[in-house]
Every structure is written in structure tokens, then in C-alpha cells.
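Close look at the chain arrangement
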Amino acid sequence: MKDLVKVIAKSLVDHPEEVNVTEKESGGVIVVELRVAPDDMGKVIGKQGRIAKAIRTVVKAASSKDKKKVVVDILQ
């Protein structure tokens with residue numbers, strides 16, 4: 001999931017070298033943390049959170065075959 005989020009985020013931002021994705025697992029839930037440059041936050045979140053919701057939807061669909069819950073957090 002980490003690589004999927006990284007590829008999506010790098011294609012959206014102006015500063016792809018500042019995209020940082022970490023993955024943690026706790027209690028059967030995988031938390032993927034996405035960090036981007038402050039200038040790129042709006043591009044990753046989108047109007048009314050539509051881009052962020054789309055990223056979460058794609059990750060949820062990709063994780064359904066593993067039957068694990070994946071949460072995507074967008075941090076600054």
C-alpha cells in the first residue's frame with residue numbers, strides 16, 4: 001500500500017522529491033501516513049477533500065484482497 005500511495009501522490013504534487021510515505025501496523029489496521037510539502041497540501045486534498053477521498057477509495061479497493069483495514073492519513 002505504501003508504494004501505491006507514493007506513486008499517486010508523486011503524480012499530483014509540484015515537489016515529488018518531498019513526498020514521504022510511512023506505513024505502520026497496529027492491531028490488524030495498517031496506517032499509511034502521507035507527508036507532502038506545505039505548498040502541495042491543497043493538491044493532495046483537493047476541493048472539499050475529493051482527491052483525498054479518491055486516494056483512500058483506491059487504497060481501500062487495493063487492500064480488500066488482503067482483507068486488512070488500511071487507513072490513509074495526510075499529514076503536514
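Notes on the structure in this doc start here. Model, not experiment: these values are computed from the prediction.

Taken in spatial order, the 3 strands make up an open sheet running E1-E2-E3, and their pairing is mixed. Looking along the sheet, the strands with just one partner apiece sit at the ends: strand E1 (20-26) and strand E3 (69-75). Taken pair by pair, the neighbouring strands of this sheet meet at an average axis angle of 20 degrees, ignoring direction. Across the sheet, helix H1 (residues 2-12) is in contact with E1 and strand E2 (29-35); its angle to E1 comes to roughly 155 degrees.

Applying the stated rule across the entire model yields 4 salt bridges. Taking the shortest distance from any N to any O, the salt bridge between lysine 68 and glutamate 25 comes out at 3.5 Å. Taken together, the positions of lysine 68 in the loop between helix H3 (50-63) and E3 and glutamate 25 in strand E1 put the pair 43 residues apart, joining distant regions of the chain. Taking the relative accessible area as the measure of exposure, lysine 68 reaches 38% and is therefore partly exposed. Here the residues in one salt-bridge network are Lys24, Glu33 and Arg35, joined through shared partners.

Taking 1.5 Å per residue as the helical rise, H3 with its 14 residues ought to reach 20 Å, and the 20 Å between its terminal C-alpha atoms agrees with that figure. Listed in full, the buried residues belonging to H3 are Ala52, Ile55, Val59 and Ser63. Relative to the axis of H3, the buried residues are bounded by an arc of 65 degrees and lie together on one face. Facing away from the buried surface of H3 by more than 90 degrees, the exposed residues are Arg50, Lys53, Lys60 and Ala61. Looking at the packing, one finds that the buried side of H3 touches H1, helix H2 (41-45) and E3.

About the cut-offs
By convention here, each chain's residues receive numbers from 1 onward along its written sequence. Note on the predicted model: pLDDT of at least 70 is required for a residue's local features to be given, and 80 or more for side-chain atom pairs to be given and counted; whole-chain, interface and lining totals, by contrast, use all residues. Excluded from the side-chain calculations are hydrogens and water; all other atoms, namely the structure's heavy atoms, are used. Any two strands with at least two DSSP bridges between them are considered paired. By definition, any uninterrupted DSSP run of H or I lasting at least four residues is a helix, any uninterrupted run of E lasting at least two residues is a strand, and each is numbered from the N terminus. Here the axes come from fitting lines to C-alpha atoms, over the contacting stretch only for helices, and the angles between their N-to-C directions go from 0 to 180 degrees. Contact between two residues is taken to exist if any of their heavy atoms lie within 4.5 Å; hydrogens are not considered. Whenever a carboxyl oxygen of Asp or Glu lies within 4 Å of a side-chain nitrogen of Lys or Arg, that contact is scored as a salt bridge. For the exposure calls, accessible area comes from a 1.4 Å probe over protein chains only, and a residue counts as buried if that area is under 20% of its type's maximum, exposed if over 50%, partly exposed in between. One less than the number of residues in a helix, times 1.5 Å, gives the span that helix is expected to have. Arc definition: it is the arc formed by the directions from the helix axis to the C-beta atoms.

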